[in-house]
Structures are given as structure tokens and as C-alpha cells.
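Residue strings, one per chain:
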Amino acid sequence: MCGSEGPRWGWGHHAPGPTLLLSVLVSAAPLGLLGEETRQVSLEVIPNRLGPPQNLLHIRAVGTSSTLHYVWGTTGPPAALLVATSTPHSTLAVNWSLLLSPEPDGGLTVLPTDSIRFSSALVFTRLFEFDSTNTSEVSAKPPGKPYAPYSLAEFSWNNISDFLDPATLSATFRGHPIHDPTGAFANGSLAFRVQAFPSSGRPAQAPRLLHSADTCQLEVALLGARPRGNRSVFGLEVVTLGQGPDCPSMQEQRSIDDEYAPAVFQLNQLLWGSLPSGFVQWRPVAFSQRQRGRDSALPCRTSTLHPTLEYPLPQSAIVRAFFGSQANFCALNLTFGASTGPGYWDENYLSWSMLLGVGTPPVDSLSPLILGIMAVALGAPGLMLLAGGVFLLLGQKQCSEYQPIN
Amino acid sequence: VSLALRDLPWRHVSESGHVTTFLIELGQCSFFSENIPASRSSTGPMEEDDEEARALLEGGPSEDGRGAPAVPAVPGALPALCDPSRLAHRLLVLLLMCFLGFGSYFCYDNPAALQTQVKRDMQVNTTKFMLLYAWYSWPNVVLCFFGGFLIDRVFGIRWGTIIFSCFVCIGQVIFALGGIFNAFWLMEFGRFVFGVGGESLAVAQNTYAVGWFKGKELNLVFGLQLSMARIGSTVNMNLMGWLYSKVEASLGSAGHTTLGITLMIGGITCILSLICALVLAYLDQRAERILHKAQGKTGEVIKLTDVKDFSLPLWLIFTICVCYYVAVFPFIGLGKVFFTEKFGFSSQEASAINSIVYVISAPMSPIFGLLVDKTGRNIIWVLCAVVTTLAAHIMLAFTLWNPWIAMCLLGLSYSLLACALWPMVAFVVPEHQLGTAYGFMQSIQNLGLAIVSIIAGMILDTRGYLFLEVFFIACVSLSLLAVVLLYVVNRARGGNLNYSARQREEIKLSHAE
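Not measured: the values here are computed from a predicted model. Every chain begins its residue count from 1, and numbering advances along the sequence as written. Whichever chain is written first is A, and whichever ligand is written first is 1; the rest continue in order. Reporting of local features is limited, given that this is a predicted model, to residues whose pLDDT is at least 70; pairs of side-chain atoms are given and counted only at 80 or more, and all residues count toward the totals for whole chains, interfaces and linings. Each side-chain value is worked out from all heavy atoms of the structure, with water and hydrogens disregarded.

Peer 1: What should I look at first to understand the overall build of chain B in this one?
Peer 2: Think of it this way: any DSSP run of H or I at least four residues long counts as a helix, any run of E at least two long counts as a strand, and we number them from the N terminus. Along its length, chain B carries 20 helices and four strands. To be clear on the numbers: accessible area is Shrake-Rupley with a 1.4 Å probe, and residue cover counts the displayed protein chains and nothing else. A total of about 18200 Å² of accessible surface is found on chain B, and carbon and sulfur atoms cover 67% of it.

See below:
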């Protein structure tokens, strides 16, 4: 699946050659030598000179000794490729005639191929809708009677060149079904907003996932689409590349820290191998209002990862072009909301965010404000106790001096 | 004048010579101030009245014939249950007294029990949700000073109780109507009206208790009333969610109507309490006719100008009180979602653990009361309680340990603090200022609760539970600071706050000599 060149799984450390080392020293001096704390990020829409425009977005994040390539495309269902190379000079090569052919294998390559340390892909295949009206169980699976799912391969997407925002390093794919007999998407769309980061930080909007230069954020938003029922719960099918015969592992990390996403104490991760490798990270929360306050937070439920042998998956051209036809896939279902509580019906709005990246997944640490308050809150009475003790000890001494006189 | 033990709140020397303290400092607001003067006035000569009345009842058929023609004059013909001088009758009264407060305690924590439902059905955030608690506290910032006055001088105990019960009932009905009509402002108004009645009803309840049980059983009665209040809160926590789901099932859908109807059903407990108030008023009047018993009075004297004479230790005690309670009650109000989200508890489990503080304090209050009585050294006990609470909050905030540990610690320390802190006021305030001091303490406690409820809701909405817990830790640590300062000030001034029981006894004896 990964080809035969070199170890692609695992974002391992490797001894750089002398020339590479020199170039690192020269080029990285102002950026700091330790790891890839910052990257030079560029967004580029790769034009199709052979025919009608195709959405192929290439995000290149160049660090001192490595490059990350994120390739987003909507030829077929929306999909993302993540390729990490151990050189700052790797490039993406696209063979459009091959890519658009029925057998696109080899249509996309990252050169030089022996610099590839990690590669994987995500495909967003289907949008589910459930009627949760008669489901009182909050944790019911599925969350209600399913409607016919929307296949994202049969969506038409906007021209990504018009929706690039170089200032925020983001781009938005906006799509609606090609065949929409009920007119559900007449005023609505499904949007995939992709954003890359030159350095670590945290967005101002919930769920405020901590990102680093090694990650890229995806925000999926369903807005304005008319639901088919009063209490429609939506879901998303995400397909990823398996690891040999097995599926990648899923982790649910419990945390004590909900400062950045109030009342959410969990972080979900999908890991493509032993750390550090590639990962997908998300908080199990979605939002039903644009403000994304706590009152609009929906629980986001995750199914287990399962092989997708049972039904034919819509093929993403870019994934097929890069990984060939031998790759096996695993699917994951996300459902947003339950029959009770806030839901899509509030404002006909739903948004969910995730991070895609390589290396060690970012981990939240206690904020300086909390540490500061704790230090003062525990320090002040402690000091007072100490001072009081000393004061009393001295006072007692004076007393005892008086006693003999009495 | 000796520093008599009976000056302490709800302190009573029982026949066996044991000194017991029952601390009634219930959830929303303690009703201490009423009790001090009450127990003060209740000791001594009044016990003889009882005997006298019994003698009258037994030996004076003419009395009965004139006063209560319905009651047979012959003592033997009066069943024990109907004879106000008999234990059986008083037990009946006790039952009524316990249920008198049940409604208000049951309904006080309705919002906490239905937190997710209220927020979802009324579409409010946590900040607005916590206003339901704040609106309960606001009227009591003022009413703490006047509850006793209203009962003694304006309404009398019987009418006072009935009026306050009506306020509670009407408040709960308005609260429920706010749900049915989907008007959150109406719910807030309902809580305000409920608050006007709730605290003062507690005052009335205690006045009745003193009026009927001055003498041997008073401590037991206070203890039972306290337990009943806790049971009310606990039943509420565990029942309302279930009730909501039943109403939801019968209506077919969740929504503000479901919420309103659930709250209306919860309001039945208030009607029950109102009926108790009416029956009590009748029985009290009847007993007055038969036994020539005076109408119970709180005996509370409030003089606001006394505030300027309050000493530094008293202000420190106020600080401890406010900073401590604001870290307990708002937390319980917001706790349910915390346990479901952070610890993955089911709704029922979360309700159970959220009510454990009340469950523990019901049996532990008398035990700790006895402990503090036997040992003295109140400041050390307060210090222990505050440190334990601090540890419990730190556990809840920074660990994923089973929260039962932390909540049980919180329940224990909360009960201990109540038993050690409230009596301290009596040590630092002259007797004639006690009413004012306790009224003031309750008033600023309510003020603190109202303000912190709002702040807590805001913090939770924007910063989450960890930050909220850190905020509570900061409050408790401020309280701890005040305890340490109190210890030092007391020590430096040679105050009597931290004497052991034996030292107190010695001082009392030396004064008596």
C-alpha cells in the first residue's frame, strides 16, 4: 500500500546527512534549532491545464529539516492526503491526465520519494441524517431511523481558487448535492474549511484545539440545509487508510482540563501507528450555533473504526493516485447531537473541528492563569500559617519570661 | 455574668447533664439567629408552665369547658393524640413541623436537580440558570433581619407561618408557570417570591419547635427538622429527573411545558407544607386555649447600629462563613453536569453523588455538635473543616479519582464547619447583640451566595469546570486565610474562641464564684 521505498510508517528520527545538517544550521538559525516550532506555510491551487478546473489544494509547510504536504481535493468525495518528508525541498508532482483517468494510480507523487517518512489519507464519504424523534435513549446507536445518506462524491463543489484566504492560510470547500430533488440544499451547503498554521497556538473559537506547526485544522460545517425531519441528527462518515490489515488505533483521552472547551473533558485521537506518527485529533463536541457557546454544544459520538469491506466506497482520485488501488480502508462514523438537547434544528447550523498532523499530538497544559491563582490560593494561607506560627512562638517566649516573676 | 452554655445557639443542657448542640444551618441560609434568643428564652421557668398546665388540664374541667367545648372535659376521655399535653400529640405536631419545611427544601434545589432540562427547555446558558439561585438569595439579604420581627410583632407565629407558606406555594407555582409559558423572567420572579417565603418559613418552623418542645426534646426536634430538610433536598435531587422523564413520556415530548408540569407536580410538596401550616395553626391555637400557652416568639432583637461595634474576630468569622459557603452551595447547584461530563456518571448516579453532602450532614451534624461540645477548641475544628474542604475541591479539580471520596469529605467537613463556626459568634458578641450578629451573618451569606451564583455561572460558560473549581479553591483558601488570621488575633488578644471545653467550664465556674 505504501510502496516499497523506505519506511513510511513512523515519523522516526533519522540521522541527517552532513549537507543537510549544514543547511539546517544555516537556514534555521533564526527559527531555532529545536524541532519544527515554526514552518513556512504556502497555499497553492494546482491548476488543471488540460480541462475544466479541478479543486486541488496543496498546502506546503516547510520547516528547517522537513516538509509537510497536505493535499485537499474534491475529485470524488472530499479527501486529504498527508505526506511528511524529511527534507525541506520535497515537492508535489501532479500528472493531470493520469489523475483524471479511470486508473489514476501514480497521478500524484511527492518527490523525492525516498524522503517520505509518513503518509496517510482521510476521505469524507457520506453525510448521514437520522430521525431521532422517537429515540429517547441519549446514547442510542444509531441515534434514530436513518434517512438515505448523502454521498459526498455526488456533490458539486465551489471553485477553491475563489475561496482562498492567504492571510489566515485557509481555504473553504463548499458543496451541495448535484441531484437535489427535494431542494434540501437550495439555501444550504456543506463546507470544509481547511487551515494551516505557521506556528503553535489556539484559535479563539471553540473547541479551541491546541495546534502546532505540524498540524492542519479542518472545520466541517453544515449550514442552511433543510433537514428531512423535525429532529434530524446528522453524522459524517470518515474513511482512512488502514495499516496493513489492521485499522489505525483510536484513543479516548480523559483530561481534567476543560478550560478551553467548557464541560468537555475528553480528547479523541486516531493514531496511524506507534507514536510519533500521524494523528487525527478532535474534541467530542460539535456546535449548533455560530457563537459556539456552551449552550449550543452537542455531544459528538464516535463509532469504532471498522474495515470497509462490506460496501463499495466512492473512490477519491487523489488518494487512489497516491496510494494506488491496493490500499485498504477503515471507516469511522461520527454523529453530532442527540434527540434531546441542542441540535441542528436550533439554527440549521452544525460545526465540528478536527486536527490532522504528524508527530506527537498536542497536549493541553494548565494555563498560566490557573497556575497563578493556585499558587496564590495555596501560598497565601501557607505563608500566613508560617508567619502566624513564628509570631506566636515569639509571643509565647515573652510570656514564659514573665512567668517566673509571677 | 457567666458565659452560660445556653447562650450558644441551639444549645441545651439535657437532663442527663450532656451538652448537645444542634446546628441548624440549612442549605440556603441558616436559621440561627432566631434560635439563639428562642432557646435562651425557652429554658428555665417555662418548663414549670408545662407542669402547671397539665395540672390545670387534669384538675380543671371548668377551664376546658369554657375554652374548648369540643374537647371533652374529662382527661381520661381525651385521647392521647388529641391532648396537647401528651407526648403522642406533640409527636403529631412534630411530624407536621417536619413536613412544614419539607416543601421549601424540596423545591429549593429543583433547579439543581433539573439543570440540564432547565437549560435546554428554557434555552438559557449557565449564567442565566444560576440567576434562579441568585433571585432566591436577594430578598433574604434583607429579610434575614426582619423575619423574626415580622413573626413577633406583625403576623404572629400562626399567621406568619401560613403567610410564608403561601409565599412558598405561590412562588413555586409562578416558577412552574414560567416553564409552561416559556417565560424565563417569570421563573426568576417565581424564585424571588419563593425566596421571600422560604427563609422566613424556616424561622417560623424553629419558633414553633421552641414553642412546643422547650424542655427535654428540643435538641432532638431540631435534629429531626434538620434531617427532614436534608431528606427534602435529597429526595428532590433524586426524584425530579425521574419525574421529568415520566412527564415527558406521557406528554410525548420534552420541552418547556414538560418542565413546567414537572415543577408544578413538585409544587405539591409546597401545598402539603401549606396544609401542615394550617393544621399547625389550628393545633397551636387549640393548645393555647387548653394549656394557656403563650404564642411562640422568636424573641429576636435586631439593632442595625450594633454593626459598628462588631469586633475584628467577628468580621473574620463573617469572612470565613461567606467564603466557605459560596464554595459549597453554588457548586452543588452546578454539580450534576460536572459529574456526568467529567466522571462519566449517569444522570441518576450524578444526582445521588450531588446529594451526598446533604445525606452525610443529616446524621453527622448532631455527632459533630457533640464532638465540638466535648472538646471545645472551635478554631481548630473550623481549621480542620476548611482544610478538608480545600482538599476535596482540589481533588475534584485536579484528579480523576472517584468523586465519591471528595464529596464525602466535603459532606463531613461541611457538617463539621457548621457545628464549630456558628457557635463562635456567641463567644465574641455580647448577648444583646446576638440577634443582630446572626442576622448580619445570614444576610451577607445570602449576599455572597447571590453574587457568587452569578459569577459561577459566568465562569462555567466561558472557562469551564476546572476554572470554576479553581475559583472555589480560591474562595476556600480566602476562608482558610481568615481562619488562620482569626487564630492569631484570638491568641494575641487572649480571646476565648479556642478554649477547650474544660477551660470554658473553669472560666464559667470562676465567673460564677
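Peer 1: When you look at the side chain of A:Ser296 in this model, what are you seeing that I'm missing?
Peer 2: Relative to the helices and strands, A:Ser296 resides in the loop between strand S19 (285-287) and strand S20 (297-302). Look at A:Ser296 and you get buried, because its relative accessible area is 0%. Buried residues are those whose accessible area, probed at 1.4 Å on protein chains only, stays under 20% of the maximum for their type, while exposed residues exceed 50% and partly exposed ones sit between those limits.

Peer 1: What exactly am I supposed to notice about the interface of chain B and chain A here?
Peer 2: Accessible area lost upon the coming together of the parts serves often as the stated size of an interface. By the convention used here, residues are in contact when the closest approach between their heavy atoms is within 4.5 Å. Contacts between the two partners involve 39 residues from chain B, matched on the other side by 28 residues from chain A. Buried area is calculated as the accessible area (1.4 Å probe) missing from two parts once they are joined, with the contributions of both summed. Of the roughly 2800 Å² buried between chain B and chain A on both sides combined, carbon and sulfur atoms contribute 73%. Every case where a carboxyl oxygen of Asp or Glu lies within 4 Å of a side-chain nitrogen of Lys or Arg is listed as a salt bridge. Between chain B and chain A we count two salt bridges in total. Here A:Glu259 and B:Arg463 are joined by a salt bridge, their closest N and O atoms 2.8 Å apart. We define a polar contact as two N or O atoms separated by no more than 3.5 Å, with the added condition that, inside protein, one atom must be a possible hydrogen donor and the other a possible acceptor, whereas residues neighbouring each other in sequence contribute only through side-chain atom pairs. On the surface where chain B and chain A come into contact, there are seven residue pairs in polar contact (both at pLDDT 80 or more). Looking at the side of chain B that touches chain A, the elements that each hand over two or more residues are helix H6 (115-121), helix H13 (329-343), helix H16 (378-398) and helix H19 (434-493) of chain B. For the side of chain B that touches chain A, the leading source of residues is H19(B), giving 20 residues. By the convention adopted, Pro, Cys, Tyr, Trp, Phe, Met, Ile, Leu, Val and Ala count as nonpolar, Lys, Arg, Asp and Glu as charged, and the other residues, Gly among them, as polar. Looking at the side of chain B that touches chain A residue by residue, the classes come out as 23 nonpolar, eight polar and eight charged.

Peer 1: What should I look at first to understand the pairing of strand S2 (residues 56-62) of chain A in this one?
Peer 2: All names here are of chain A. In terms of burial, S2 is largely enclosed, as six of its seven residues are buried. For two strands to count as paired, DSSP must find a minimum of two bridges between them. As paired strands, strand S1 (residues 40-45) and S2 are joined by six bridges and run antiparallel to one another. Bridging from a neighbouring strand, leucine 43 pairs with isoleucine 59 of S2. Pairing between S2 and strand S3 (residues 67-73): seven bridges, direction antiparallel. Bridge assignment links leucine 56 to a residue of S3, and that residue is glycine 73. Between S2 and the antiparallel strand that follows it, S3, lie four residues.

Peer 1: Any chance you could explain the packing of helix H7 (residues 126-180) of chain B against helix H10 (residues 256-266) of chain B here in plain terms?
Peer 2: Helix-helix packing is characterised by the crossing angle of the two axes and by the distance between the axes. All names here are of chain B. Throughout, an axis means a line fitted to C-alpha atoms (over the contacting stretch in the case of helices), and angles, computed between N-to-C directions, take values from 0 to 180 degrees. In contact at an axis separation of 6 Å, H7 and H10 are set at 165 degrees when each is read in the N-to-C sense. The orientation of H7 with respect to H10, classified from their angle, is roughly antiparallel. Note that H7 runs across H10; the crossing there is left-handed. Mapping the contact onto sequence places Gln172, Val173, Phe175, Ala176, Leu177, Gly179 and Ile180 in H7 and His256, Thr257, Gly260, Ile261, Leu263, Met264 and Gly266 in H10. Across the contact of H7 with H10, the residue classes break down as eight nonpolar, six polar and no charged. Each angle gets one of four labels, with under 35 degrees taken as roughly parallel, over 145 as roughly antiparallel, 65 to 115 as roughly perpendicular, and the rest as oblique. Left-handed is the label given to a crossing in which the near helix is rotated counterclockwise from the far helix by less than a right angle, and right-handed is the label when the rotation is clockwise.

Peer 1: Would you mind showing me how to read the packing of aromatic side chains here?
Peer 2: Given two aromatic rings, one states the distance between the centres and the angle between the planes to describe the pair. Each aromatic pair joins two rings of Phe, Tyr and Trp (for Trp, the six-membered one) with centres within 6.5 Å, and gets the label stacked for planes under 30 degrees apart, edge-to-face for over 60, and tilted for any other angle. Scanning the entire structure with this criterion turns up 44 aromatic pairs over all chains. Through successive ring pairs, a cluster of aromatic residues spans A:Phe265, B:Phe331, B:Phe338, B:Phe339, B:Phe343, B:Phe345, B:Tyr465, B:Phe471 and B:Phe472. Across from the ring centre of B:Tyr133, 5.3 Å away, lies the NZ or CZ of B:Arg191, which sits over that ring. When the NZ atom of lysine or the CZ atom of arginine is within 6 Å of a ring's centre and also within 35 degrees of its normal, the charge is said to sit over that ring. In this structure, B:Arg463 is placed above the aromatic ring of B:Phe467, and the distance from its NZ or CZ to the ring centre is 5.2 Å.

Peer 1: Help me out: how do you make sense of the state of the cysteines in this one?
Peer 2: A covalent bond bridging the sulfur atoms of two cysteines is what the word disulfide describes. Residue and element names in this part refer to chain B. Cysteine sulfurs are considered disulfide-paired once they come within 2.5 Å of each other. For the structure shown, the criterion picks out one disulfide over all chains. With no disulfide of its own, cysteine 98 lies closest to cysteine 276 among cysteine sulfurs, the gap being 9.5 Å. Unpaired in terms of disulfides, cysteine 419 finds its nearest cysteine sulfur in cysteine 384, a separation of 13 Å. The class of cysteine 419 is buried, set by a relative accessible area of 2%.

Peer 1: Explain a nonpolar patch on the surface to me, please; I cannot follow it from the model alone.
Peer 2: For patch detection, residues must exceed 30% relative accessible area and be free of salt bridges, and they are connected within 9 Å for like charges or within 5 Å for nonpolar side chains (Val, Leu, Ile, Met, Phe, Trp, Tyr). On the surface, B:Val142, B:Phe146, B:Phe149 and B:Val154 cluster together into a nonpolar patch covering about 350 Å² of accessible area. For B:Val154, the position within the fold is in helix H7.

Peer 1: Sorry if this is basic, but what is going on with the nonpolar core here?
Peer 2: One recurring pattern in soluble globular proteins: nonpolar side chains tend to sit buried together. We call a set of buried Ala, Val, Leu, Ile, Met, Phe, Trp, Tyr and Cys residues a nonpolar core when their side-chain atoms join them within 4.5 Å. In this structure, B:Tyr325, B:Phe339, B:Val382, B:Met407, B:Leu421, B:Val425 and B:Tyr465 are the most contacted members of the largest nonpolar core, which totals 150 residues. By residue number, the principal contributor to this core is H19(B), which donates 26 residues. No fewer than three residues from each of domain 1 (81-298) and domain 2 (300-508) of chain B sit in this core. One finds A:Ala61, A:Leu127, A:Leu218 and A:Val220 within the second-largest nonpolar core, a separate group that totals 55 residues. Segmentation into domains, and thus their bounds, comes from an automatic or database assignment.

Peer 1: Could you clarify how one ought to interpret the domain arrangement of chain B in this entry?
Peer 2: Residue and element names in this part refer to chain B. Each assigned domain of chain B is listed here: domain 1 (81-298) and domain 2 (300-508). Computed from C-alpha coordinates alone, the two centres of domain 1 and domain 2 are separated by 24 Å. Taken together, the contact pairs 31 residues of domain 1 with 38 residues of domain 2. Together, the buried faces of domain 1 and domain 2 total about 2900 Å²; carbon and sulfur atoms form 62% of this surface. Looking only at domain 1, the three residues that lose the most surface to domain 2 are Met130, Phe145 and Arg230, adding up to 24% of its buried area.

Peer 1: It is not clear to me how H19(B) should be interpreted in this structure. Could you clarify?
Peer 2: Since the α-helix packs 3.6 residues into each turn, any two residues three or four apart lie on the same face. All names here are of chain B. Here a helix's expected span is defined as the number of its residues, less one, multiplied by 1.5 Å. With 60 residues, H19 extends just 21 Å between its outermost C-alpha atoms, more than 12% less than the 88 Å of an ideal straight helix rising 1.5 Å per residue. The sharpest bend along H19 comes to roughly 130 degrees, located at arginine 463. Within H19, 45 of the 60 residues are buried, leaving the element largely enclosed by the surrounding structure. One or two residues past the end of H19 sits glycine 494, with phi positive at roughly 65 degrees. A residue's bend is the angle separating two fitted axes: one through the seven residues that end there, the other through the seven that start there.

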